[in-house]
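Residues per chain, in single letters:
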Amino acid sequence: MPESKFSQIKSCSLGLVALVNVLLLRFEEAERKLDSAIECSDRVAYNYGLRAYVRIRLENFQGAIDDATAKLALKPEEAATYALRGWAFYCLNLFENTIDDISRALELDPGRKTDYQDTLRLIDCYQNLGKDREAIEICDEVISLSSFEFFLLELRVRKAASLMNLILIRMA
């Protein structure tokens, strides 16, 4: 039986209450509201995305991955959701999965390349996997796009670390 409009409206309302709790940094309460919201209607993609964020903040990374995946089933072309799931994968040191999701987010929304956290997670994953050439490529590309001095400094440091790794590999 199709769910009622009332169930969807109630789910959306609970999602908004959860958002207020997130803004107040009350993540446990936000998660409870989102559990109720999703119980009312499992068709409101926003609630899955917000609960994924809340679960990352509560260090329930697998729950965050599950929620982001559920949201992607409803809205498969949303770059922010791929980046969110990539963040959860990153927290679990699942670097290949992180690369896949952040790369997909960048493919869907190239403007995210100058997003500080997405880019640093991507570079860090490549470095952790010993893929320093890929890390250097990302650094060079984003250095050419960004105008934020702090970010540029961080990118240059990351690039230098990968260059040193490549030099050490050649010397060995």
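Residues numbered from 1 in each chain as written. Predicted model: local features only at pLDDT ≥ 70, side-chain atom pairs only at ≥ 80, totals over all residues. Heavy atoms only, no water.

Student: Tell me about the overall build of the protein, residues and numbers included.
Tutor: The number of helices and strands found in the protein is 9 helices and 0 strands. In the protein, the succession of helices and strands from N to C terminus is α-α-α-α-α-α-α-α-α. Structurally, the protein occupies a C-alpha span of about 65 × 30 × 25 Å along its principal axes. Out of the 172 residues belonging to the protein, those deemed buried represent 42%. For the protein, contacts bridging at least 24 residues in sequence account for 54% of all contacts bridging at least 6. When the accessible surface of the protein is totalled, it reaches about 9500 Å², and 56% of it is carbon and sulfur. In the protein, which carries 22 positive and 27 negative side-chain charges, the distance between the mean positions of the two groups comes to 3 Å. (Helix = DSSP H or I, 4+ residues; strand = E, 2+ residues; numbered from the N terminus. Buried < 20%, exposed > 50% of the residue type's maximum accessible area, 1.4 Å probe, protein only. Contact = heavy atoms within 4.5 Å. Areas by Shrake-Rupley, 256 points an atom, 1.4 Å probe, with all protein chains shown as cover. Lys, Arg positive; Asp, Glu negative; His and termini not counted. Charge placed at Lys NZ, Arg CZ, Asp CG, Glu CD.)

Student: How would you explain helix α9 (residues 149–171) if you had to name every residue and give the values?
Tutor: In this model α9 runs 33 Å from its N-terminal to its C-terminal C-alpha over 23 residues, within 8% of the 33 Å that 1.5 Å per residue would give. Listed in full, the buried residues belonging to α9 are F151, L152, L155, R158, S162 and L166. (Expected span 1.5 Å × (residues − 1).)

Student: Just give me the short version of the layout of surface pockets, but keep the residues and values in it.
Tutor: When its volume is computed, the largest pocket comes out at roughly 160 Å³. As for the largest pocket, its lining consists of 13 residues, and the residues nearest its centre are A80, T81, A83, L84 and R112. Contributing elements (two or more residues each) for the lining of the largest pocket: α5 (79–91) and α7 (116–128). Residues of the lining of the largest pocket, tallied by class, amount to 4 nonpolar, 3 polar and 6 charged. (1 Å grid on protein atoms, 1.4 Å probe; cavity = no way out; pocket = protein on both sides within 12 Å on 5 of 7 lines; lining within 4 Å. Points joined across faces, edges and corners; volume = space filled by probe spheres on them. Nonpolar A, V, L, I, M, F, W, Y, C, P; charged D, E, K, R; others polar.)

Student: Summarise the confidence of the model for the protein; cite the residues concerned and give the values.
Tutor: On average, residues of the protein carry a pLDDT of 92, and 98% of them reach 70 or more. Of all helices and strands in the protein, the one with the weakest mean pLDDT is α9 (83), whereas helix α4 (residues 61–74) scores best (98). (pLDDT = per-residue confidence, 0-100.)

Student: Describe the packing of α5 against helix α6 (residues 95–108), with residues and values.
Tutor: At a minimum axis separation of 8 Å, α5 and α6 run at an interaxial angle of 165 degrees. Overall, the two elements α5 and α6 adopt an arrangement that is roughly antiparallel. When you trace α5 past α6, the crossing you get is left-handed. Here A79, Y82, A83, R85, G86, F89 and Y90 of α5 come into contact with α6, specifically with F95, N97, T98, D101, I102, R104, A105 and L108. (Axes fitted to C-alpha atoms, helices over the stretch in contact; angles between N-to-C directions. Parallel < 35°, antiparallel > 145°, perpendicular 65-115°, else oblique. Left-handed = near helix turned anticlockwise from the far one by under 90°.)

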